[in-house]
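# Coordinates in review
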Amino acid sequence: MGSLFRSEEMTLCQLFLQSEAAYACVSELGELGLVQFRDLNPDVNAFQRKFVNEVRRCDEMERKLRYLEKEIKKDGIPMLDTGESPEAPQPREMIDLEATFEKLENELREVNQNAEALKRNFLELTELKHILRKTQVFFDEQEGGLNTTTESMTRALITDEVRTGHSMGPVQLGFMEKSNEREEYYPCFVAGVISREKLPAFERMLWRACRGNVFLRQAMIETPLEDPSNGDQVYKSVFIIFFQGDQLKTRVKKICEGFRATLYPCPEAPADRREMAMGVMTRIEDLNTVLGQTQDHRHRVLVAAAKNLKNWFVKVRKIKAIYHTLNLFNLDVTQKCLIAECWVPVLDIETIQLALRRGTERSGSSVPPILNRMQTFENPPTYNRTNKFTKAFQALIDAYGVATYREMNPAPYTIITFPFLFAVMFGDLGHGAIMALFGLWMIRKEKGLAAQKTDNEIWNIFFGGRYIIFLMGVFSMYTGLIYNDIFSKSLNIFGSHWEVHYNKSTVLENKYLQLNPETSDYSGTPYPFGMDPIWQVAGANKIIFQNAYKMKISIIFGVIHMIFGVTMSYHNHTYFKNRLSLIFEFIPQLIFLLFLFFYMVLLMFIKWNRYAATNSPPYSASCAPSILITFIDMVLFNTPKPPPTGCEVYMFGGQHFFQVVFVLIALACIPVMLLGKPLQIMKQRKNPNVQPITGSDAEVGMSNGQPAGQGGAAHHEEEEMSEIFIHQGIHTIEYVLGSVSHTASYLRLWALSLAHAQLAEVLWNMVLSIGLKQQGWFGGVMLTIVFAFWAILTVGILVLMEGLSAFLHTLRLHWVEFQSKFYQGQGYAFQPFSFDAIIENGGASGSTENE
């Protein structure tokens, strides 16, 4: 059977590579992505392996590339991405790459350091410029003496004189020098810049530490200044502090240092300040020129690096992946040959051998590689070959559990059943069209959208399931036509097969009109496709009619789906030659499901075909028995109650006899499922000479990666009989009770379908109808507003939220109700060594499933 319905046949191979050719051969296998290597050195520390130094060199190169990438993104420079994947460089090219990256990193770090030093110098000059400008106002106030500007400090000094009893003399802000028997006072002050948010605390600390013997003036700098260390914009203020004496001077400077305030020299003489300001402006202009040239040089370096950064990342990650893989190999005794073990698909062995030959030719080696198939009893990995269409459906199956090796793969059947069951719950032509158009847009633009890699997880999920979304939308449009439902309204395509004979006033005023098929209102012929549009206005019995219809088709679809799942187990048992499970599990399971639940489905079709409102007893609608009551009476062996006069108890002749036989046979299947397989295993253990039912291949087990007899007696050789009985009892109880609960579980198709239809109707009647009832120009404006609100609610609630709900319920029906009948999901995924997967995952060593 093809790989679409089962996983690929795998085999374990041993690979012998000459040391000189190993790198090139592994590189070719990485481009191919069809080989999963095994670690032959599980007990060897990662730091003690042969190629650990090469892996470290690759890590160092990746670090330098990430540094370059961060600087490029900081400047907003676009990185060239051609979408091509360069080949893995030869080992000798690593030296050139390392030298290139080292040169770029050193040059960029040097430029950044110079730029930071220049920016710091520029910041200091800018702050000094603001100090010279802002303090001019403070010094203008000093003209005529400092006493007039320091009244608060004068009061403080007078208070101190009263407290100490010593006269301080004339109040001056400054220090005194004696020269030629003459005392002169010079103003003592410091000027600087501080962060604006620290200024209130700074002022309080000055007042408390200096006991009010200082005078502080401050002015805000209007424009923010750039912090050279991190590039943040900081708002600062200029301050000047007047004080008296060296002791206060030392205290003030310590406080400024504690608050990270920057102090600058500020001449007292106006001429000196003007001269310094002119010098500062000249230096600022020179610094601007140098800074511009530095930034231009940095930009040129980054632009040149951005052109090759993507390719450099790919090359380094490929080199690292190759050496990481080579660390999994063993060296032979001669130290000239590398030995590897790997899982490969049987169908691709020739392709792998061709890749090995190409690698040998590239390396210039004269010794060809050797690929030998090995025999093993290990379970091979599961490899399902997928493409961009089937990948999403396979991901749904693997999310439940990776298939056991070579068992039936549900993914091909899920491609049809998943969107169909979703559409049964989501059936609406309008909502389905919205979903289908969204999926079609992603499919048409998939190349461009795939190139725009993003970390948005929700978008990645939507894009990965674009084909699922498209099919769910298309199937929902089909079921919407069957339900004749589009945004809670109907399409009158073929006209109606009903004629309403009520007068106009009755139709307009009566909210509870019923459609009675017994009258001449109904033409008696079925509608050509889907539901008659007249049911949309049948307010009283619309829900009753749709309930009966949707509930019954939910049970029908559910039973057929479960029977199909049980039938799939037949293919597993026959493929693995497991006659024991085929006889004592598959056959009684199928009989149990057919004789009870499929019989109930047949009763539904008999009831639909035989009973009608226009028929006379015993086949009138009033004589039709309830399917649910009939099924309960059948299981409990009850005799139905006598029907009304003229009606028959049963739908067809001999129904009671058939029902008793069906129930007895179904009950007889339970002990067969419970005891048949364990008793047969016990018999084989007591009488080894008895030919086993399982078959000869089951005893052999698995040869060359090909399993046989899975689930048969050979797989229970080391298991205690008590455990076998317990496990079989658990599986039997799970199947018998699960058949009932799983059948009822499919009623979610009916429940969600009705909920979706009713919610759409409520949204139409309570939102959009408000705008449709308005008239005139106001009605046009009102309708536009209401329609926008209705469209947002429709997309947000009915399409997204209801769609997600239906998706999750559909997923549960497949995982639990369908796959539990045949799918074990106890395997492990095939993870080949693939460059594409490694690069897609951001360079993580290892491999993922190949598409």
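Residues numbered from 1 in each chain as written. Predicted model: local features only at pLDDT ≥ 70, side-chain atom pairs only at ≥ 80, totals over all residues. Heavy atoms only, no water.

### Topic: the environment of Leu 128
Tracing the chain through its elements places Leu 128 in helix α3 (residues 93-140). Along the backbone, Leu 128 and Leu 263 are 135 residues apart, and their C-alpha atoms lie at a distance of 9.1 Å. Look past the residues within four positions of Leu 128 in its chain and what remains in contact with it is Tyr 264, Pro 265, Met 276 and Val 280. (Helix = DSSP H or I, 4+ residues; strand = E, 2+ residues; numbered from the N terminus. Contact = heavy atoms within 4.5 Å.)

### Describing the state of the cysteines
Every disulfide links exactly two cysteines, by a covalent bond between their sulfur atoms. Evaluation of the coordinates by the stated rule reveals 1 disulfide. Cys 342 provides the cysteine sulfur closest to Cys 13, a residue in no disulfide bond, and the two sulfurs are 5.5 Å apart. A relative accessible area of 0% places Cys 13 in the buried class. (Disulfide = S-S within 2.5 Å. Buried < 20%, exposed > 50% of the residue type's maximum accessible area, 1.4 Å probe, protein only.)

### Things to note about the nonpolar core
Counting residues in hydrophobic clusters, the biggest one holds 62 residues, and the most contacted among them are Ile 468, Met 472, Leu 596, Phe 597 and Phe 807. Here this core takes 12 residues from helix α17 (residues 579-610), the largest share from any one element. Those residues within four positions of Leu 596 in sequence are excluded, and the remaining contacts are Phe 631, Met 634, Val 663 and Ala 666. Counting 60 residues, the second-largest nonpolar core is a separate cluster that includes Val 55, Tyr 67, Val 301 and Ile 322. (Core = buried A, V, L, I, M, F, W, Y, C linked by side-chain atoms within 4.5 Å.)

### Here's the deal with the UniProt feature "transmembrane region" (unreviewed entry) in the chain
With numbering aligned to this structure, UniProt lists the feature "transmembrane region" (unreviewed entry) at residues 415-443, 463-483, 553-570, 582-606, 657-676 and 777-801. Annotated as 100% helix and 0% strand, the span residues 553-570 places its first and last C-alpha atoms 26 Å apart. Counting secondary structure, residues 777-801 comes out at 100% helix and 0% strand; the distance between its end C-alpha atoms is 35 Å. (UniProt positions renumbered as here; feature names shortened; annotations may be inferred.)

### Section: the sheet that holds strand β9 (residues 236-243)
The strand order across the open sheet built from 4 strands is β6-β9-β5-β10, with neighbouring strands paired in antiparallel fashion. At either margin of the open sheet sits one strand with a lone partner, and together these are β6 (215-220) and β10 (262-264). Going across the sheet, the axis of each strand differs from the next one's by a mean of 25 degrees, ignoring polarity. As paired elements, strand β5 (residues 188-195) and β9 share 8 bridges and run antiparallel to each other. Bridge pairing in β9 places Gly 192 opposite Phe 239. Sheet strands in contact with helix α6 (residues 246-258) are β5, β9 and β10, and its direction is about 165 degrees off that of β9. (Pairing = 2+ DSSP bridges. Axes fitted to C-alpha atoms, helices over the stretch in contact; angles between N-to-C directions.)

### Looking at the side chain of Ser 365
Examined against the element boundaries, Ser 365 turns out to sit in the loop between α8 (349-363) and β13 (370-374). In this structure Ser 365 comes out as buried when scored by relative accessible area, which is 16%.

### As for the pattern of salt bridges
For the coordinates displayed, the defined rule picks out 29 salt bridges. Arg 38 is paired through a salt bridge with Glu 378; the nearest N and O atoms lie 3.0 Å apart. Taken as a pair, Arg 38 in the loop between β2 (36-37) and α2 (52-74) and Glu 378 in the loop between β13 and α9 (390-400) lie far apart in primary sequence, 340 residues in all. The exposure class of Glu 378 is partly exposed, given its relative accessible area of 34%. Salt-bridge contacts for Glu 226 lead to Lys 119; the nearest nitrogen and oxygen are separated by 3.7 Å. Taken together, the positions of Glu 226 in strand β7 (residues 225-226) and Lys 119 in helix α3 put the pair 107 residues apart, joining distant regions of the chain. Among the charged side chains, a network of salt bridges with common partners joins Asp 59, Glu 62, Arg 317 and Lys 320. (Salt bridge = Lys/Arg side-chain N within 4 Å of Asp/Glu carboxyl O.)

### Side note on helix α16 (residues 542-575)
Between its first and last C-alpha atoms α16 spans 50 Å; for 34 residues at 1.5 Å apiece the expected length is 50 Å, and the two agree. Lys 577 occupies a position one or two residues after α16 and carries a positive phi of about 55 degrees. (Expected span 1.5 Å × (residues − 1).)

### Comments concerning unusual backbone geometry
When glycine is set aside, most residues are seen to have a negative phi, and most peptide bonds are trans. The omega torsion of the bond from Pro 617 to Pro 618 falls at 10 degrees, within 30 degrees of zero and hence cis. Mapped onto the secondary structure, Pro 618 falls in the loop between α17 and α18 (627-636). In this model, Arg 211 sits at a positive phi of 55 degrees, which is unusual for a non-glycine residue. The topology assignment puts Arg 211 in the loop between α5 (199-209) and β6. You can call Arg 211 exposed: its relative accessible area is 68%.

### With respect to a nonpolar patch on the surface
Among the surface-exposed residues, Ile 434, Phe 438, Trp 441, Ile 458, Phe 462, Leu 759, Val 795, Ile 797, Leu 800 and Met 801 lie close enough to one another that they form a single nonpolar patch of about 850 Å² accessible area. Broken down by secondary-structure element, the contributors of at least two residues to the nonpolar patch are α11 (429-444), α13 (457-464) and α23 (776-818). For the nonpolar patch, the element with the most residues is α23, which contributes 4 residues. Take Val 795: it is sitting in helix α23. (Patch = residues over 30% accessible without salt bridge, like charges linked within 9 Å, V, L, I, M, F, W, Y side chains within 5 Å. Areas by Shrake-Rupley, 256 points an atom, 1.4 Å probe, with all protein chains shown as cover.)

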